[in-house]
Amino acid sequence: MVSVSFYPFHFLIFHLFAQYYRIPKLLYHLTTIFCTFVSTKQIVFMLKLRKRAVVKDFAILTIAMFIGSIGWVLFLLPNHIAIGGIPGLSSILYWGFNIPVQYTFMGVNTVLLLIAWRVLGWRFCLKTLYATVVFTLFSVLGQSWAEGSTLLQNEPFMAIILGAGCLEIGRASCRERV
């Protein structure tokens, strides 16, 4: 049997999960049955694990965006090597019209994220928005650090290998996170 003091905690847990995951009312009864067999300490432990997983996801996203932006800014942009997608479009507009890459990158991603937010919801877009902002910030910092640098200036093949490698490490690291 569930003690009377457990009911307010059970009610709080259900409403937190119901709002976050949009759980239907039918599952309320299943959670009541579940909570009769699970102690309060176990539920608190599961919530702490969830918080740790979210912090770990954002830390990995930050590191991955740093590595990817370094590959783009240090190796590909100075050697006039275009890649696919929005970074490639940003690079071409940077070389052709002298528009800073971060403006184009953030502008196009903002439009796409607004469409995704409308269609897919805010939970899908939250980590993607964070990754976009962090990638843009690291790109700005990387461009200011690498200004006037001649790193691999006469070695375009090596710049392609290192730049693409850094971008792929960044992409692969956040594949499961975003």
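These figures come from a predicted structure and were not determined experimentally.

The rules behind the values
Residues numbered from 1 in each chain as written. Predicted model: local features only at pLDDT ≥ 70, side-chain atom pairs only at ≥ 80, totals over all residues. Heavy atoms only, no water. Helix = DSSP H or I, 4+ residues; strand = E, 2+ residues; numbered from the N terminus. Buried < 20%, exposed > 50% of the residue type's maximum accessible area, 1.4 Å probe, protein only. Contact = heavy atoms within 4.5 Å. Axes fitted to C-alpha atoms, helices over the stretch in contact; angles between N-to-C directions. Parallel < 35°, antiparallel > 145°, perpendicular 65-115°, else oblique. Left-handed = near helix turned anticlockwise from the far one by under 90°. Nonpolar A, V, L, I, M, F, W, Y, C, P; charged D, E, K, R; others polar. pLDDT = per-residue confidence, 0-100. 1 Å grid on protein atoms, 1.4 Å probe; cavity = no way out; pocket = protein on both sides within 12 Å on 5 of 7 lines; lining within 4 Å. Points joined across faces, edges and corners; volume = space filled by probe spheres on them. Core = buried A, V, L, I, M, F, W, Y, C linked by side-chain atoms within 4.5 Å.

**Brief notes about the overall build of the protein**
Line of reasoning, step 1. Across its full length, the protein holds 7 helices and 0 strands.
Line of reasoning, step 2. Listing each helix as α and each strand as β along the protein from the N terminus yields α-α-α-α-α-α-α.
Line of reasoning, step 3. Here the protein, with 178 residues, has 31% of them falling under the buried criterion.
Line of reasoning, step 4. By sequence separation, contacts in the protein at least 24 residues apart represent 68% of the contacts at least 6 residues apart.

**A few points about the packing of helix α4 (residues 85-97) against helix α5 (residues 101-120)**
Line of reasoning, step 1. In the contact formed by α4 and α5, the axes pass within 8 Å of each other and the chain directions differ by 140°. Classified by the angle their axes make, α4 and α5 are oblique. Relative to α5, the crossing made by α4 is right-handed. On α5, the residues that touch Ile86, Pro87, Leu89, Ser90, Ser91, Leu93 and Tyr94 of α4 are Val101, Thr104, Phe105, Val108, Asn109 and Leu112.
Line of reasoning, step 2. Residue classes in the contact of α4 with α5 are distributed as 9 nonpolar, 4 polar and no charged.

**Examining the confidence of the model for the protein**
Line of reasoning, step 1. When pLDDT is averaged along the protein, the result is 77; 70% of the residues meet or exceed 70.
Line of reasoning, step 2. The element-level mean pLDDT for the protein is lowest in helix α1 (residues 6-21), coming to 49, with α4 highest at 91.
Line of reasoning, step 3. Across residues 1-12, where pLDDT falls below 50, the model places 13 contacts with residues more than four positions away in sequence or in other chains.

**Some details on the environment of Leu89**
Line of reasoning, step 1. Examined against the element boundaries, Leu89 turns out to sit in helix α4.
Line of reasoning, step 2. The class of Leu89 is partly exposed, set by a relative accessible area of 40%.
Line of reasoning, step 3. For Leu89 and Phe105, which are 16 residues apart along the polypeptide, the C-alpha to C-alpha distance reads 8.1 Å.

**Structural notes on the layout of surface pockets**
Gaps between atoms show up when a probe of the same size as a water molecule is rolled over them.
Line of reasoning, step 1. Estimated volume of the largest pocket: approximately 490 Å³.
Line of reasoning, step 2. In this structure, the largest pocket is lined by 18 residues; those nearest its centre are Met65, Phe105, Ala131, Arg171 and Cys174.
Line of reasoning, step 3. Every element with two or more residues in the lining of the largest pocket is listed here: α3 (40-76), α4, α5, α6 (122-145) and α7 (156-173).
Line of reasoning, step 4. With 5 residues, the top contributor of residues to the lining of the largest pocket is α7.
Line of reasoning, step 5. When the residues that make up the lining of the largest pocket are grouped by side-chain class, the tally is 11 nonpolar, 5 polar and 2 charged.

**Quick word on unusual backbone geometry**
Line of reasoning, step 1. A positive phi angle, close to 55°, is found at His80, a residue other than glycine.
Line of reasoning, step 2. The residue His80 is located in the loop between α3 and α4 in this model.

**Regarding the side chain of Asn109**
Line of reasoning, step 1. With respect to the helices and strands, Asn109 occurs in helix α5.
Line of reasoning, step 2. Look at Asn109 and you get buried, because its relative accessible area is 12%.
Line of reasoning, step 3. Not counting residues up to four positions away in its chain, the partners in contact with Asn109 are Ile86 and Thr132.

**Let's talk about the nonpolar core**
Line of reasoning, step 1. In terms of nonpolar packing, the biggest core is built from 20 residues, with Met65, Trp72, Leu76, Leu77, Phe135, Leu167 and Cys174 touching the most fellow members.
Line of reasoning, step 2. At the level of secondary structure, the elements contributing two or more residues to this core comprise α3, α5, α6 and α7.
Line of reasoning, step 3. By residue number, the principal contributor to this core is α3, which donates 7 residues.
Line of reasoning, step 4. Sequence-distant contacts of Met65, that is, excluding residues within four places in its chain, are made with Ala131, Val134, Phe135, Phe138, Gly170 and Cys174.

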